[in-house]
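Structural overview for review
The lines below spell out each chain.
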Amino acid sequence: MKRSLTVMAFALAATTTTAAYAEKTYHIAWSHYTGWEPWGWIQETGLAKRHMKACNADVQIRLINDYIESVNLYTAGEFDGVAVTNMDALTIPAVGGRDTTAVIVGDFSNGNDAIVSKKAGSVKELKGENVKLVELSVSHYLLARALAKNGMSERDLKVTNTSDADIGSLFTSQDDASVVTWN
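Residues numbered from 1 in each chain as written. Predicted model: local features only at pLDDT ≥ 70, side-chain atom pairs only at ≥ 80, totals over all residues. Heavy atoms only, no water.

Considerations on empty space enclosed by the protein
Condition: In this analysis, the protein atoms alone were mapped onto a 1 Å grid. Cavities are point sets where a 1.4 Å probe fits without being able to get out; pockets are open sets with protein on both sides within 12 Å along at least five of seven lines; lining residues have an atom within 4 Å of a point. Grid points are joined across faces, edges and corners, and a volume is the space filled by probe spheres set on the points. Strands here mean DSSP runs of E at least two residues long; helices mean DSSP runs of H or I at least four residues long; both are numbered from the N terminus. Three classes are used, and their members are as follows: Ala, Val, Leu, Ile, Met, Phe, Trp, Tyr, Cys and Pro are nonpolar, Asp, Glu, Lys and Arg are charged, and the others, Gly among them, are polar.
In this structure the tally under the stated criterion is 1 cavity of 30 Å³ or more. Approximately 190 Å³ is the volume found for the largest cavity. Considering the residues around the largest cavity, the lining is formed by 18 residues, among which Tyr67, Thr85, Asp113, Ser139 and Trp182 are closest to the centre. Every element with two or more residues in the lining of the largest cavity is listed here: α7 (138-149) and β7 (178-181). By residue class, the composition of the lining of the largest cavity is 8 nonpolar, 7 polar and 3 charged.

In structure tokens, the structure reads:
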């Protein structure tokens, strides 16, 4: 595991030439997702600092508690990098005018996202329901594909944009909750 984390830290610096990152501070945003938890560990243990010292660079890794907010902050130029899904890296920053290069595939969603409902037993039973999700994310794409495969569209239900930090508590506190999430 330490070797792969070292590779991630070095990959941050590999996005530019040695001359370009000399004496520069890089700011990387991440949010809670199982595959991205090593970013917090890299910062806490000083691994980034130790490895970037050889490059005269400093890497500051900051937890942003909301996934879409971390991507939006990156898109706005507040961060030099962000832990993001491949699909979101290709869409959200591009729409915001930010040229983005994917450096690391740290994890992939292989069945992690799901539609979870206390009331509906099938996609078709979601008709007319309020479904909470992180709008324009991989979860939103999953819902759109599931609806299309069942001859439905988002017009058949109500989609409510919800922070990924809130989705778990919304699901557990509402008797008829339906959510699309990786949590």
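Back to the write-up after that little detour.
Details of the environment of threonine 101
Spelled out, the test is: The classification of residues rests on relative accessible area computed with a 1.4 Å probe and restricted to protein chains. Under 20% of the type maximum is buried, over 50% is exposed, and intermediate values are partly exposed.
Looking at the element boundaries, threonine 101 is found in the loop between α6 (86-95) and β4 (114-117). Accessibility expressed as a relative area gives 63% for threonine 101, which makes it exposed.

Considerations on the confidence of the model for the protein
We count it as follows: Note: pLDDT gives the predictor's confidence per residue, expressed from 0 to 100. For this analysis, residues touch if any pair of their heavy atoms sits within 4.5 Å.
Scored by pLDDT, the protein comes out at a mean of 82, with 83% of its residues at no less than 70. Counted against residues more than four places away or in other chains, residues 1-21, with its pLDDT under 50, gives 31 contacts.

Brief notes about the sheet that holds strand β3 (residues 81-82)
For clarity, the threshold we go by: Strand pairing is defined by DSSP finding a minimum of two bridges between the two strands. All axes are obtained by fitting lines to C-alpha atoms, using only the stretch in contact for helices, and the reported angles, taken between N-to-C directions, cover 0 to 180 degrees.
Strands sit in the order β2-β1-β3 across an open sheet of 3 strands; the sheet is parallel. Sheet topology places β2 (57-63) and β3 at the edges, where each strand pairs with a single neighbour. In this sheet, β3 lies alongside strand β1 (residues 24-30) in parallel orientation, the contact comprising 2 bridges. Looking at β3, one finds that isoleucine 28 is bridged to glycine 81. This element, helix α3 (residues 37-45), spans β1 and β2 of the sheet and lies at about 130° to β2.

Overview of the pattern of salt bridges
Basically, it comes down to this: The term salt bridge refers to a side-chain nitrogen of Lys or Arg lying within 4 Å of a carboxyl oxygen of Asp or Glu.
In the structure shown here, the tally under the stated rule is 1 salt bridge. Note that lysine 119 is salt-bridged to glutamate 129, the shortest N-O span being 3.3 Å. In this pair, lysine 119 is assigned in the loop between β4 and β5 (130-133) and glutamate 129 in the loop between β4 and β5, connecting sequence segments 10 residues apart. On the accessibility criterion, lysine 119 (55% relative accessible area) is exposed.

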